[in-house]
Amino acid sequence: MEYTDVLLIAVIVGLVELLKKLNLPHKLLPVASLIFGLIGGVFYLFPNDLKAGILTGIIIGLSASGLYSGVKNTVEDNE
């Protein structure tokens, strides 16, 4: 992973948090993370290679979703 991939994960986590504040149902947040990852992978990271963009987008979206869930669980455990 390069630094742009890590930055994209952070951006996706922020966008998902924004959707959470806009009252998107919690069940749809991982799906939103995956969609944002796909968009970022295809249009930002690999605009000329669709297969690589899709695969990287899935990895980044799932990573952002896992990061979001891990932080959420950690915060809930500390409350």
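Residues numbered from 1 in each chain as written. Predicted model: local features only at pLDDT ≥ 70, side-chain atom pairs only at ≥ 80, totals over all residues. Heavy atoms only, no water.

## Structural notes on the confidence of the model for the protein
Residues at a pLDDT of 70 or more form 84% of the protein, whose mean pLDDT is 87. Put simply, helix α3 (residues 50-78) is where the protein has its lowest mean pLDDT, 80, and helix α2 (residues 29-45) is where it has its highest, 94. (pLDDT = per-residue confidence, 0-100. Helix = DSSP H or I, 4+ residues; strand = E, 2+ residues; numbered from the N terminus.)

## Examining α2
Spanning 17 residues, α2 covers 22 Å between terminal C-alpha atoms, matching the ideal 24 Å at 1.5 Å per step. Those residues of α2 that sit buried are L29, A32, S33, G37, G40, G41, V42 and L45. (Expected span 1.5 Å × (residues − 1). Buried < 20%, exposed > 50% of the residue type's maximum accessible area, 1.4 Å probe, protein only.)

## Notes on a nonpolar patch on the surface
Together, L28, V31, I35, I39 and F43 give the surface a local cluster of nonpolar side chains, amounting to about 480 Å² of exposed area. Mapped onto the elements of the fold, L28 is located in the loop between α1 (3-21) and α2. (Patch = residues over 30% accessible without salt bridge, like charges linked within 9 Å, V, L, I, M, F, W, Y side chains within 5 Å. Areas by Shrake-Rupley, 256 points an atom, 1.4 Å probe, with all protein chains shown as cover. Salt bridge = Lys/Arg side-chain N within 4 Å of Asp/Glu carboxyl O.)

## Some thoughts on unusual backbone geometry
For N23, which is not a glycine, the phi torsion comes out positive at approximately 65°. Checked against the element boundaries, N23 lands in the loop between α1 and α2. On the accessibility criterion, N23 (67% relative accessible area) is exposed.

## Overview of the side chain of S33
Secondary-structure assignment places S33 in helix α2. If near-sequence neighbours (up to four positions away) are discounted, S33 is found in contact with I12, V16, G61, A64 and S65. (Contact = heavy atoms within 4.5 Å.)

## Some points on the environment of F36
Mapped onto the secondary structure, F36 falls in helix α2. Taking relative accessible area as the criterion, F36 reaches 24% and is therefore assigned partly exposed. Between the C-alpha atom of F36 and that of V13, which follows or precedes it by 23 residues, the distance is 9.5 Å. Not counting residues within four places of it along the chain, the set of residues in contact with F36 comprises I12, L15, V16 and L19.

## Topic: α1
If you check α1, its first and last C-alpha atoms are 27 Å apart, about what 19 residues at 1.5 Å a residue would give, namely 27 Å. The complete set of buried residues in α1 reads T4, D5, L8, I9, I12 and V16. Seen from one end, α1 has its buried residues packed into an arc of 145°, which puts them on one side. Those residues of α1 that are exposed and angled more than 90 degrees off the buried face are Y3, L7 and K21. (Arc of directions from axis to C-beta.)

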